[in-house]
Amino acid sequence: MIKSPFLEKGALVAIVATARKITKEELMPAINLLESWGLKHILGDSIGVEEHQFAGSDALRAKDFQQQLDNPNVNAIWCARGGYGTVRMIDLVDFSNFKNNPKWVIGYSDVTVLHTHINALGFATIHGQMCLEIEKRTEESRATLKELLFGNFKEITIASTSKHNREGKVNGKLIGGNLSVLMSILGSISEVELKGAILFIEDLDEMLYHIDRMLQTLKRAGYLKNISGLIVGGMSSMRDNAIPFGETAIEIIATSVAEYEYPVCFNFPAGHIEDNRALVMGAEIDFEVHNTSATIKYKQ
């Protein structure tokens, strides 16, 4: 997996909206943060534009993203926000120039489409907080993003807080993102190889039976059997029917992988949660789960 050039002070970061609409005013905390890091910024043509819920038409958002991909002066592309819509424009983007001049693409949630698509091309991406509401995330959320952009790949060690965790130590490529989005791109050119990978998943505002259905689909298709490890981030604001499903999202996932022997870590600090730490998707990592802790260590 190829890592893009790391940033230095004075580097240019393009801010674009690949999904839901957003205003420049909403971006000011993120812009101020970039400036505090010694970075410059440019706003894409999708910022401040709206077409229904989207930041302009699919064609406009794709053209904007394409311009930033092809702009030799841009060192990284930071997605402004998620929501829904990236999957509608991904097939309009040509990654030919990107392959010769790669740059970091940053975001999470709906931006999972970009992670898997770019990872499938052989390039790493950064799963981290988008511009919107970055001031409301933890200092670790902001610090880990900065560290990765500037090439400081620190290991992450957290307390092992779930009784459903499973101990073990494995090595593999870190792949994944939002569970619902991952399901939506299965069978497409944006699908990335999961065999032998360490799968990361997180999700927000889903019905519990939807979570179960997605896990059953992954299991029946052989994906859960063939991964080498599982990291579960925030499973936030889940909903239930009037007749309860009977398990939490964590319990549903734990049940779905109970027959496998690879290490599993729940409650990892990434996803739609306040502590949304940045991760390098596509990077090779050592993943270790013990009785009291879990660690991700990047292979340089």
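Residue positions are given per chain, counting from 1 as you read along its sequence in written order. Per-residue local features are limited, in this predicted model, to residues with pLDDT of at least 70; the limit for side-chain atom pairs, both in listing and counting, is 80 or more; totals at the level of whole chains, interfaces and linings are taken over all residues. The basis for the side-chain values is all heavy atoms of the structure; hydrogens and waters are excluded.

S.K.: Just checking my understanding: could you explain the sheet that holds strand E11 (residues 279-281) for this structure?
M.R.: Sheet strands associate in pairs through backbone hydrogen bonding, adopting either a parallel or an antiparallel arrangement. For two strands to count as paired, DSSP must find a minimum of two bridges between them. Here a strand is any run of E in DSSP of at least two residues, a helix any run of H or I of at least four, and the numbering for each starts at the N terminus. Taken in spatial order, the six strands line up as E2-E1-E3-E4-E5-E11 in an open sheet, and their pairing is mixed. Two strands lie at the open edges of the sheet, namely strand E2 (40-43) and E11, each paired on one side alone. Here the average twist between neighbouring strands, direction ignored, is 25 degrees. Where strand E1 (residues 12-16) meets strand E3 (residues 76-79), four bridges bridge the pair, whose relative direction is parallel. Counted as the bridge partner of Ile15 is Trp78 from E3. Across the sheet, helix H1 (residues 24-36) lies against E1, E2 and E3, angled at about 160 degrees from E2, the strand it touches most. The axes used here are C-alpha line fits, helices contributing only the stretch in contact, and every angle between their N-to-C directions lies in the interval 0 to 180 degrees. In this analysis, two residues are considered to be in contact whenever any of their non-hydrogen atoms come within 4.5 Å of each other.

S.K.: It is not clear to me how the layout of surface pockets should be interpreted in this structure. Could you clarify?
M.R.: One water molecule sets the probe size; rolling that probe over the atoms shows where empty space is left. Counted as a void, the largest pocket has a volume near 440 Å³. Gly82, Gly83, Ser109, Leu204 and His272 are, among the 22 residues lining the largest pocket, the residues nearest its centre. Those elements that place two or more of their residues in the lining of the largest pocket are helix H7 (179-184) and strand E8 (198-204). Considering only residue class, the lining of the largest pocket consists of seven nonpolar, seven polar and eight charged. In this analysis the probe radius is 1.4 Å and the grid spacing 1 Å, with only protein atoms considered; a cavity is a set of points the probe fits into but cannot get out of, a pocket is an open set with protein on both sides within 12 Å along at least five of seven lines, and lining residues have an atom within 4 Å of a point. Grid points are joined across faces, edges and corners, and a volume is the space filled by probe spheres set on the points. The calculated volume of the second largest pocket comes to roughly 180 Å³. Under the convention adopted here, Pro, Cys and the residues Ala, Val, Leu, Ile, Met, Phe, Trp and Tyr are nonpolar, Asp, Glu, Lys and Arg are charged, and Gly plus all remaining residues are polar.

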